[in-house]
Amino acid sequence: MLEALARDRIMVALDVDRTRALELADILAGHARWVKIGMTLYYAEGPSIVRAFKERGFKVFLDLKFHDIPHQVRGAARSAAATGADLLTVHGLGAGPMLAAACEGAREAAEACGGERARVIAITVLTSMDAPALASIGVAGPLADEAARLAALARDNGTDGVVCSPQEAQAMRQLLGEDAWIVTPGVRPAGAALGDQSRVATPAAAIAAGASHLVIGRPITGADDPLSAFEAIVGELVRDA
């Protein structure tokens, strides 16, 4: 039971080209439950890459971070959900009507396709950003306050949860309740390189803080043995549960 839950909490970020992404999927099939497809891979390959992972039995987090006028975002969410993706992202900075439009697009796709509705979660503050980066775009208050403000806006406009750094996970759980999806990038096993992440935590610490799912890319995909790296993280989560 604990092991199955741990596997379902890890979303492997496949920020690589199609050939390598499918190689990794075949290595991890039967072990990992989720893969994350970002902009680079999706824009290069289109909807077929989602179907390729679904055919291999994975749940797909399609992380395109919609941010446009509500009409465009509604259509984008509808099209993205229709690929079979299970989870979509939208920028909280787009304001309430845009957030609600993303949720409506996902509902429309489910009604048209007859499947389960894709979940929609809102980006709060990117994990590559810190306080000086926020100040450079005119957000002068504490980073945690900005994340909480955007999370409340997302909650009030129908989203299923948020993306935030592990450092905000505990506050997000308290704000959004036990059923919210709290997805945390910036997760690094002890000793792993930080890459371009500014606000990080270990997998066990992120879950303890309140995260429901962890996005982990390079510590798995860049490892000499990706399956062993993945299983080591599963083991850490089970051990510290």
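Residues numbered from 1 in each chain as written. Predicted model: local features only at pLDDT ≥ 70, side-chain atom pairs only at ≥ 80, totals over all residues. Heavy atoms only, no water.

K.L.:
It is not clear to me how the overall build of the chain should be interpreted in this structure. Could you clarify?
P.N.:
Helix and strand counts for the chain stand at 12 helices and 8 strands. Over its C-alpha trace the chain gives a radius of gyration of 17 Å, about what one expects of a compact globule, namely 18 Å for 241 residues. Dimensions along the principal axes, computed over C-alpha positions, put the chain at roughly 45 × 40 × 35 Å. Burial statistics for the chain: of 241 residues in total, 51% are counted as buried. In the chain, once contacts between residues fewer than 6 apart in sequence are set aside, the share between residues at least 24 apart is 68%. When the accessible area of the chain is evaluated, it comes to approximately 10,600 Å², of which 52% is carbon and sulfur surface. Measuring between centres, the 23 positive side-chain charges of the chain sit 2 Å from its 29 negative side-chain charges. (Helix = DSSP H or I, 4+ residues; strand = E, 2+ residues; numbered from the N terminus. Rg over C-alpha atoms; globule rule 2.2 N^0.38 Å. Buried < 20%, exposed > 50% of the residue type's maximum accessible area, 1.4 Å probe, protein only. Contact = heavy atoms within 4.5 Å. Areas by Shrake-Rupley, 256 points an atom, 1.4 Å probe, with all protein chains shown as cover. Lys, Arg positive; Asp, Glu negative; His and termini not counted. Charge placed at Lys NZ, Arg CZ, Asp CG, Glu CD.)

K.L.:
Honestly, helix H4 (residues 47-55) in this entry has me stumped. Any pointers?
P.N.:
The set of residues buried in H4 consists of Ile49, Val50, Ala52 and Phe53. For H4, the buried positions fall inside an angular range of 160° around the axis, keeping them on one side. As for H4, its buried residues are in contact with helix H2 (18-28), strand E2 (34-37), helix H3 (39-45) and strand E3 (59-66). Residue Gly57 follows H4 closely and has a positive phi angle near 90°. (Arc of directions from axis to C-beta.)

K.L.:
Before we go on, may I ask you to explain the pattern of salt bridges in this structure?
P.N.:
It is possible for side chains bearing opposite charge to pair when their charged atoms get close. As enumerated under the stated definition, the model contains 17 salt bridges in all. The partner of Asp63 in a salt bridge is Lys36, and the shortest N-O contact between them spans 3.4 Å. In this pair, Asp63 sits in strand E3 while Lys36 sits in strand E2, placing the two residues 27 residues apart along the sequence. What makes Asp63 buried here is its relative accessible area of 7%. What makes Lys36 buried here is its relative accessible area of 8%. Asp156 is the salt-bridge partner of Arg155, the closest N and O atoms lying 2.9 Å from each other. Residue classification places Asp156 among the exposed residues on the basis of a relative accessible area of 55%. Each member of the salt-bridge network shares a partner with another, and the members are Asp15, Lys36, Asp63 and Lys65. (Salt bridge = Lys/Arg side-chain N within 4 Å of Asp/Glu carboxyl O.)

K.L.:
Would you explain the pairing of E2 in this entry?
P.N.:
One face of the sheet, then the other: side chains in a regular strand alternate in exactly this way. The side-chain alternation of E2 yields two buried faces, one formed by Trp34 and Lys36 and the other by Val35 and Ile37. After leaving strand E1 (residues 10-13), the chain enters H2 and then returns to the sheet as E2, a path that is right-handed. One ladder, built from 4 bridges, connects E2 with E3; its direction is parallel. In the strand pairing of E3, Lys36 is matched with Phe61. (Right-handed = clockwise from strand over helix to strand, strands pointing away. Pairing = 2+ DSSP bridges.)

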